[in-house]
Amino acid sequence: MYSRKNAMEAVPEEMTEVWSCTKDDCKGWIRDDFAFETEPVCQLCQSPMEKESRMLPLLVNTNKKQKSLGKGILIDRK
């Protein structure tokens with residue numbers, strides 16, 4: 001019935017520093033700008049992570065002091 005005649009707008013991408021899980025069967029990764037720790041641990045499997053670069057869509061983190069902040073407050077569930 002209807003066809004898409006308008007081309008999709010290209011999403012700007014850039015080389016981005018990320019932390020990737022070192023475990024072979026885990027696909028966990030996080031952008032360095034959004035990590036709370038200077039050397040994070042994988043949140044999926046608790047394995048160490050290594051730094052690498054990937055071509056990813058551009059995101060801007062306005063909080064430049066992310067690593068100096070705490071991870072938040074632990075809520076004690078009773």
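Details of the structure are given in the entry above.
Below is a short write-up of the structure. Position labels on residues start from 1 in each chain and follow its written sequence. Thresholds applied to this predicted model are a pLDDT of at least 70 for local features of residues and 80 or more for the giving and counting of side-chain atom pairs; totals over whole chains, interfaces and linings are not thresholded and use all residues. Computation of side-chain values covers all heavy atoms of the structure but excludes hydrogens and water.

## A closer look at the nonpolar core
In terms of nonpolar packing, the biggest core is built from six residues, these being Trp19, Cys21, Cys26, Ala35, Cys42 and Met49. We call two residues contacting when some pair of their heavy atoms lies within 4.5 Å. Beyond its immediate stretch of four places on either side in the chain, tryptophan 19 contacts Gly28, Trp29, Ile30, Asp32, Ala35, Thr38, Glu39, Pro40, Met49, Glu50 and Lys51. By nonpolar core we mean a set of buried residues, namely Ala, Val, Leu, Ile, Met, Phe, Trp, Tyr and Cys, connected to one another through side-chain atoms within 4.5 Å. Each residue is placed in one exposure class: buried if its accessible area under a 1.4 Å probe, protein chains only, is under 20% of its type's maximum, exposed if it is over 50%, and partly exposed if it falls in between.

## Describing the sheet that holds strand β1 (residues 13-21)
In this description, strands pair whenever DSSP reports at least two bridges between them. Helix and strand labels come from DSSP, where a helix needs a run of H or I of at least four residues and a strand needs a run of E of at least two; each type is numbered from the N terminus. Pairing is antiparallel across the open sheet formed by three strands, whose spatial order is β2-β1-β3. On the outer flanks of this sheet lie β2 (29-31) and β3 (49-57), each paired with one strand and no other. This sheet shows a mean twist of 35° between the axes of neighbouring strands, independent of strand direction. Note that β1 and β2 share three bridges and pair antiparallel. Pairing of tryptophan 19 across the sheet is with isoleucine 30, part of β2. Here an axis means a line fitted to C-alpha atoms, over the contact stretch when the element is a helix, while the angle between two N-to-C directions is reported on a 0 to 180 degree scale.

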